[in-house]
Amino acid sequence: MSFKKTRQEFIADLDNLQTKVSAMGERASQAVEKSMRALVKGDKLLAHEVMREDDVIDDMIIGIEDDCILLIAKQQPIAHDLRVIATGFKISTDIERIGDHAFDIAKTTCDLETPLEGKCLSSVQELADCAERMVQKAMQAYRARDVQLADEVRHMDDEMDKVFARTFYVLSDYVKQSSDDNNHVTQLLFVARFLERIGDHAVNIAEWVIYLETAERIHSKKHAE
Amino acid sequence: MKMNITNLNLYYGEHQALYDVSLPVPENHVVALIGPSGCGKSTFLRTLNRMNDLVEGVHIDGDVRLDDEDIYADGVDLVNLRKRVGMVFQRPNPFPMSIYDNVAYGCRVHGLKDKKRLDEIVERSLRGAALWDEVKDRLNASAMGMSGGQQQRLCIARVLAVSPEVVLMDEPCSALDPISTMKIEELVAEIKKHYTIVMVTHNMQQAARVSDYTAFFLNGRLIEHDKTDTIFTKPHMKETEDYITGRFG
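These figures come from a predicted structure and were not determined experimentally.

Rules of the game
Residues numbered from 1 in each chain as written. Chains lettered and ligands numbered in written order. Predicted model: local features only at pLDDT ≥ 70, side-chain atom pairs only at ≥ 80, totals over all residues. Heavy atoms only, no water. Axes fitted to C-alpha atoms, helices over the stretch in contact; angles between N-to-C directions. Helix = DSSP H or I, 4+ residues; strand = E, 2+ residues; numbered from the N terminus. Parallel < 35°, antiparallel > 145°, perpendicular 65-115°, else oblique. Left-handed = near helix turned anticlockwise from the far one by under 90°. Contact = heavy atoms within 4.5 Å. Nonpolar A, V, L, I, M, F, W, Y, C, P; charged D, E, K, R; others polar. Phe/Tyr/Trp six-rings, centres within 6.5 Å; stacked < 30°, edge-to-face > 60°. Buried < 20%, exposed > 50% of the residue type's maximum accessible area, 1.4 Å probe, protein only. Lys NZ or Arg CZ within 6 Å of the ring centre and 35° of its normal. Salt bridge = Lys/Arg side-chain N within 4 Å of Asp/Glu carboxyl O.

A closer look at the packing of helix α4 (residues 118-144) of chain A against helix α6 (residues 183-214) of chain A
Each pair of packed helices can be summarised by the angle the axes make with each other and by the distance between the axes.
All names here are of chain A.
Okay, step 1: Contact geometry of α4 with α6 gives a least axis separation of 9 Å together with a crossing angle of 15°. In terms of their interaxial angle, α4 and α6 are classed as roughly parallel. You can see that α4 and α6 cross each other, and the crossing is left-handed. Of the residues in α6, those touching α4 at Cys120, Leu121, Val124, Leu127, Ala128, Ala131, Met134, Val135, Ala138, Met139, Ala141 and Tyr142 are Val185, Leu188, Ala192, Leu195, Ile198, Gly199, Ala202, Val203, Ile205, Ala206, Val209 and Leu212.
Okay, step 2: By residue class, the composition of the contact of α4 with α6 is 23 nonpolar, one polar and no charged.

Here you go:
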């Protein structure tokens, strides 16, 4: 009996799907970094670029979804093959949301009438660094099919929650002490919330990577913790 | 367990075709046997009602039990065994006689002559095989004029007529078109309420759709068996995953 490899075309299609998901993740990760750079520098031109590029991310998810649907229809995938497709669907949705939050942050920059103050900004910068690291690491885990790396992202969420709580406290305190117009701080509270959500999506991606490689369903429940 | 197979080895003369196979067959469930051609799954299926006895030079060791009775024990009545463990083959094989006579055949062989009782059994069996409505007006027509899908359901009706406990199916849909295949699959889902079914299939999706348990054979060995949901989502053995995902052929 020969054990020559079969279904080469299908295997290539699955590889291609994962390459597309990785590329989409890369785009969204860059969008988060650029949206924060635009916010910190008050660079509205860069912010507009991020908002325009969100359309590219939206187009990418349509392409990935179409690929997934076609592969299910034509190949009747099972076991690991099916998980590649199922996680392609799910991870691309999380990436698309990350892109949306980058868009929201960029829009905040565009809507500002005056540049943000350094003191307020530094409080969200730490949160942004944490969110960006989580997204990058989650996508790295996906590319490398690295369950351990994915697990590390899950644990980074605890740190993220602490930073978010601290940021929220600092910004709230600033509102109380400041007699100025608090519009800037309110905007930053929103940005902090967007960044915290980006971290959550990174955790989702990490959990799908674990499912992809082990078939184990893991879902962190924040309330239970 | 309806049937229990333990440490079964089978030899065609010097050639060993099955190696130390152990498999439980739970009552009123469907067990699918999958694996590449020549892996031993049909050979294994035929050991369950001793069809291999007809092949010259076959000898087996191990234990095959039906309701805890050793079917290879001395003095086992083979006609009665095959009444209890019926078989449907790959190609429909109706006898060249009427639809009615095909279904009544087994009961007549077992000595039933009462026309009224035979009528009841024929109708019940044809209904059980989801064929009654299509043939009730032409029961005396030749079975050879039926379509392939109808002939296969007739063969199932013929098996059901003698009230078996276990039905063995050896690739029952491989010669049928997709619609007839779906009808047979629906039929299997229906009749498993009353019978235990062991089915050999080359169609992975069919195994996934119709069976409760799946056993994967390779080179005469049972590589793994588990709930079908597990085999098709998270098989334990790499060989199983490679086979069900079509990674080798």
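Next, the rest of the story.
Describing the packing of aromatic side chains
Okay, step 1: By the definition in use, this model includes six aromatic pairs over all chains.
Okay, step 2: Look at Trp208 of chain A and Tyr211 of chain A: their rings are 5.7 Å apart centre to centre, the planes differ by 85°, and that puts the pair in the edge-to-face class. With Trp208 of chain A and Tyr211 of chain A both in helix α6, this residue pair falls three residues apart, about one helical turn.
Okay, step 3: Aromatic side chains Phe216 of chain B and Tyr243 of chain B sit 5.1 Å apart centroid to centroid with 25° between the ring planes, which places their arrangement in the stacked category. Linking Phe216 of chain B in strand β9 (residues 213-218) with Tyr243 of chain B in helix α10 (residues 238-244), this pair joins segments that are 27 residues apart in sequence. Assigned by exposure class, Phe216 of chain B and Tyr243 of chain B land together as buried.
Okay, step 4: Taking the ring centre of Tyr211 of chain A as reference, the NZ or CZ of Arg217 of chain A above it sits at 5.5 Å.
Okay, step 5: Note that Arg158 of chain B overlies the ring of Phe95 of chain B, its terminal NZ or CZ placed 4.1 Å from the centroid.

Focus on the pattern of salt bridges
All names here are of chain B.
Okay, step 1: Under the definition given, this model contains 35 salt bridges over all chains.
Okay, step 2: Ionic pairing is found between Lys116 and Glu120, a salt bridge with its closest N-O pair at 3.7 Å. Pair noted here: Lys116 and Glu120 are both in helix α4 (residues 115-128), with a separation of four residues, about one helical turn.
Okay, step 3: The exposure class assigned to Glu120 is partly exposed, which follows from its relative accessible area of 39%.
Okay, step 4: By sharing partners, the salt bridges in this structure join Lys2, Glu27, Asp67, Glu69, Arg84 and Glu165 into a single network.

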